[in-house]
Amino acid sequence: MAKKVAVIGAGVSGLASLKCCVDEGLEPTCFERTEDIGGLWRFKENVEDGRASIYQSVISNTSKEMSCFSDFPMPEDFPNFLHNSKLLEYFRIFAKKFDLLKYIQFQTTVLSVKKHPDFASSGQWVVVTKNNGQEQSAVFDGVMVCSGHHILPHLPLESFPGIQKFKGQYFHSRQYKHPEGFEKKRILVIGIGNSASDIAVELCKKAAQVFISTRHGSWVISRISEDGYPWDSVYHTRFKTQLRNAVPRIVVKWMMENGMNQWFDHENYGLIPQNKYLVKEPVVNDDLPSRILYGAIKVKSRVKELTETSAIFEDGTVEENIDIIVFATGYTVSFPFLEDLVKVENNMVSLYKFMFPPQLEKSTLACIGLIQPLGSIFPTIELQARWVTRVFKGLCTLPSERTMMEDIIKRNKKRIDLFGESNSQILQTNHIEYLDELAVEIGVKPDILSLLLKDPKLAVKLYFGPCNPYQYRLVGPGQWNGARNAIFTQKRRILKPLKTRAIKTSSTFPVSFLLKILGLLAVVVAFFSQLQ
């Protein structure tokens, strides 16, 4: 009999988990508290308790070829960076293609997940849900928590003395939907993440003045990178990752600072990170520097105090007549239906590889998507779900509780060293390294040295080209016959939506390919030299 799995949430994590369950012959049931799929990426005009909320203009920060499901490329005519409505359209196409909707119970809230009385031997869970006022209880062999971590707003009002005296309006960025109603206002945005930057840029077109307050600063990058290609398809390659890991940290930090300042000098714009040598997630915003350049946005230091109408900053400057304060201060991780099964302390969750509670006698519960990679979260989520379903089936096993706890402690120390101790960096991890880590567990990491002998052209693509999701469908469980072709046609899908005007193309000799071959051979020689 197929094992029954409860999937909590029908956003991107839930949809990926459903498909992986089906692929592995499991019997999933997905509980979605709203009336539709999409989770975070489904815009609604009104903010709803218990549900992620986005503003109308949200566009993805990672490109379509680096963000698609590994065996289901996005349509080639889709733009490279997607408006939330376009991304939702892709999810609908995906759900229809793999017939996933039949597994989803909509408008059903999960009230609790508790161990079955014989959990120590069976590993089963009792899941209590509520639909139309009626409570129901069911037993499952596994639980995949896909409810996300952008639900409970972090609003640290105690850190802003005088907020109780402030006569203007203030709210968390989750409440923001569109710029209408903010005309001619003087607005202070607290924070320098992606949401803060997006909101500041959008509001400054209508407002009298926008200020953005940051404690630590941030690197800012454009979606457009070398030769006009998407930033992540240029940055996330195995070659560049290996290079960054091979050279001393001080060199990496110097390279990063140089690279980040190529677009504009962050110090001149008041954005230079306080600790510029931490590998923190950059803000992806194409417009922020230009808005600062012509004064529509002014960057300020940390808010020290608020009065009835003004903000006093750490550097002693004061901005008068503030009408509105937007707190883009992030979110708090919370799983109320899990009670003490997943403990959250200081917004940090102790999970093995960001997924499994190590203290459970049976590894039959996992969190999907509770992570913040330096790249697209979608392929990360999918590999997590692929691994979890194989663990549930008994095809993959986890180490002892002691080994898992040691890994959690070691990973946290490394995270602090690389990313710092900021609340916003708690779930941060390196992109390709983590993907490969999961791929090794499943048995789907491509062997580039072996491919160099069997299929050198593919090996070059894998090593020097974008580390796209298709790479994890070339071999092993879940192998997809279309993976190799998807890798070789990626450039065509990137360029297709751009080529809307017919022009004569110039032909160039592919010297770059020859250089890549020579570079890969040099790496192989260096590798074997180290072994001697």
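Residues numbered from 1 in each chain as written. Predicted model: local features only at pLDDT ≥ 70, side-chain atom pairs only at ≥ 80, totals over all residues. Heavy atoms only, no water.

**Let's talk about the sheet that holds strand E22 (residues 365-367)**
In plain terms, the rule: For two strands to count as paired, DSSP must find a minimum of two bridges between them. Helix numbering and strand numbering both begin at the N terminus, where a helix is a DSSP run of H or I of at least 4 residues and a strand a DSSP run of E of at least 2. Contacts are residue-level and defined by heavy atoms, with any inter-residue pair within 4.5 Å sufficient. Whenever a helix is involved, its axis is fitted only over the stretch in contact; in every case the axis is a line through C-alpha atoms, and angles between N-to-C directions fall within 0 to 180 degrees.
A sheet is described by the order of its strands in space; here five strands give the open sequence E3-E2-E1-E7-E22, paired in parallel fashion. Of all the strands in the sheet, just strand E3 (104-105) and E22 have a single pairing partner and so form its edges. Pairing of strand E7 (residues 142-145) with E22, which is carried by three bridges, proceeds in the parallel orientation. Along E22, the bridge assignment pairs valine 143 with leucine 365. Its contacts with the sheet place helix H10 (residues 377-393) against strand E1 (4-8), E7 and E22, and it is angled at close to 165° to E7.

**Focus on the domain arrangement of the chain**
The accessible area lost on association of the parts is a frequent measure of interface size. How we decide: Segmentation of the chain into domains, including their bounds, is taken from an automatic or database domain assignment.
Split by domain assignment, the chain resolves into domain 1 (4-151 + 332-438), domain 2 (155-222 + 263-329) and domain 3 (445-495). Just the C-alpha atoms count here: the centres of domain 1 and domain 2 sit 31 Å apart.

**Quick look at H10**
Quick reminder of the rule: Each residue after the first adds 1.5 Å to the expected span of a helix. Relative accessibility thresholds used throughout: buried, under 20% of the residue-type maximum; exposed, over 50%; partly exposed, between the two (1.4 Å probe, protein chains only).
The terminal C-alpha atoms of H10 lie 25 Å apart, and with 17 residues this matches the ideal 24 Å at 1.5 Å per residue to within 8%. The element H10 is largely enclosed, with a buried count of 15 among its 17 residues. Among the residues trailing H10, glycine 394 stands out with phi positive, at a value near 85°.

**Digging into the side chain of serine 70**
Put simply, the rule reads: Throughout this description, a polar contact denotes any pair of N or O atoms lying within 3.5 Å of each other; where both atoms belong to protein, one of them has to be capable of donating a hydrogen while the other can accept it, and for residues adjacent in sequence the pair is counted only when both atoms sit in side chains.
Topologically, serine 70 is positioned in the loop between helix H2 (64-67) and helix H3 (84-97). What makes serine 70 buried here is its relative accessible area of 2%. For serine 70, the side chain forms a polar contact with the side chain of arginine 473, separated by 2.7 Å. Those residues in contact with serine 70 that lie beyond four places of it in its chain are Glu382, Arg386, Pro469, Tyr470, Arg473 and Trp480.

**Re the packing of aromatic side chains**
Selection rule: Note on aromatic contacts: the rings of Phe and Tyr and the six-membered ring of Trp form a pair at centre separations within 6.5 Å, being stacked when their planes are under 30 degrees apart, edge-to-face when over 60 apart, and tilted otherwise. Here, a charge over a ring means that NZ of Lys or CZ of Arg falls within 6 Å of the ring centre while also lying within 35 degrees of the ring normal.
This structure, assessed with the given rule, holds 28 aromatic pairs. What links up through ring pairs into an aromatic cluster is the set Trp41, Phe69, Phe72, Tyr90, Phe91, Phe94, Phe98 and Phe378. The ring of phenylalanine 81 is capped by arginine 223, whose NZ or CZ atom sits 5.8 Å from the centre of that ring.

**Let's talk about a nonpolar patch on the surface**
Short version of the rule: Here, patches come from residues exposed beyond 30% relative accessible area and free of salt bridges, joined within 9 Å for like charges and within 5 Å for nonpolar side chains (Val, Leu, Ile, Met, Phe, Trp, Tyr). Reported accessibility uses the Shrake-Rupley method at a 1.4 Å probe radius. Residues are deemed covered only where the shown protein chains occlude them. Counted as salt bridges are all cases of a side-chain nitrogen of Lys or Arg within 4 Å of a carboxyl oxygen of Asp or Glu.
There is a patch of nonpolar side chains on the surface, built from Phe239, Leu243, Ile250, Val251, Trp254 and Met255 and spanning about 550 Å² of accessible area. Those elements giving two or more residues to the nonpolar patch turn out to be helix H7 (238-246) and helix H8 (249-260). For the nonpolar patch, the leading source of residues is H8, giving four residues. Following the sequence through the fold, leucine 243 ends up in helix H7. For leucine 243, a relative accessible area of 35% puts it in the partly exposed group.

**Comments concerning the pairing of E7**
Both faces of E7 are covered, namely the face carrying Gly142 and Met144 and the face carrying Val143 and Val145. Direction of pairing for E1 relative to E7: parallel, over a ladder of four bridges. Directly across from isoleucine 8, in E7, lies its bridge partner valine 145.

**So, the pattern of salt bridges**
Within the structure shown, the criterion is met by 28 salt bridges. Glutamate 180 serves as the salt-bridge partner of lysine 206, at 3.8 Å between the closest nitrogen and oxygen. On the criterion of sequence distance, the pair formed by lysine 206 in the loop between helix H5 (194-203) and strand E11 (209-213) and glutamate 180 in the loop between strand E9 (169-172) and strand E10 (186-190) is long-range, its members being 26 residues apart. Judged by relative accessible area, lysine 206 falls into the partly exposed class, the value being 32%. Among the ionic pairs, arginine 411 bridges to glutamate 437, the shortest N-O distance being 2.4 Å. Here the residue arginine 411 occupies a position in helix H11 (residues 401-419), and glutamate 437 occupies one in helix H12 (residues 431-442), the gap between them amounting to 26 residues. Through salt bridges with shared partners, a single network forms among Lys19, Asp23, Asp71, Glu382 and Arg473.

**What to know about the environment of asparagine 132**
Residue position: asparagine 132 is located in the loop between strand E5 (125-131) and strand E6 (134-140). Under the relative-accessibility criterion, asparagine 132 is labelled exposed at 67%. Once the C-alpha coordinates of asparagine 132 and lysine 4 are considered, the two residues, 128 residues apart in sequence, prove to be 23 Å apart. Within polar-contact distance, the side chain of asparagine 132 engages the side chain of asparagine 131 at 3.1 Å.

**Some remarks on the sheet that holds strand E17 (residues 318-319)**
Hydrogen bonds along the backbone pair up the strands of a sheet, which may run parallel or antiparallel. In space, the three strands of this open sheet follow the order E15-E16-E17, with antiparallel pairing throughout. Every other strand in the sheet has two partners, leaving strand E15 (303-306) and E17 as the edge strands with one partner each.

**Overview of the environment of lysine 414**
Within the fold, lysine 414 resides in helix H11. Residue lysine 414 is classed as partly exposed on the basis of its relative accessible area of 47%. C-alpha of lysine 414 to C-alpha of threonine 429: the two residues are 15 residues apart in sequence and 9.4 Å apart in space.

**Here's the deal with the nonpolar core**
Stated formally: Here, nonpolar core refers to any group of buried Ala, Val, Leu, Ile, Met, Phe, Trp, Tyr and Cys residues whose side-chain atoms link them within 4.5 Å.
Of all hydrophobic cores here, the largest spans 99 residues; its most connected members are Phe91, Met144 and Trp387. The biggest single contributor to this core is H10, with eight residues. Apart from the residues lying within four places of it in its own chain, the contact partners of phenylalanine 91 are Val12, Leu15, Ile37, Gly38, Trp41, Phe69 and Phe378. Core analysis: the next-biggest nonpolar cluster, separate from the first, contains 23 residues, Ala6, Phe31, Val110 and Cys367 among them.

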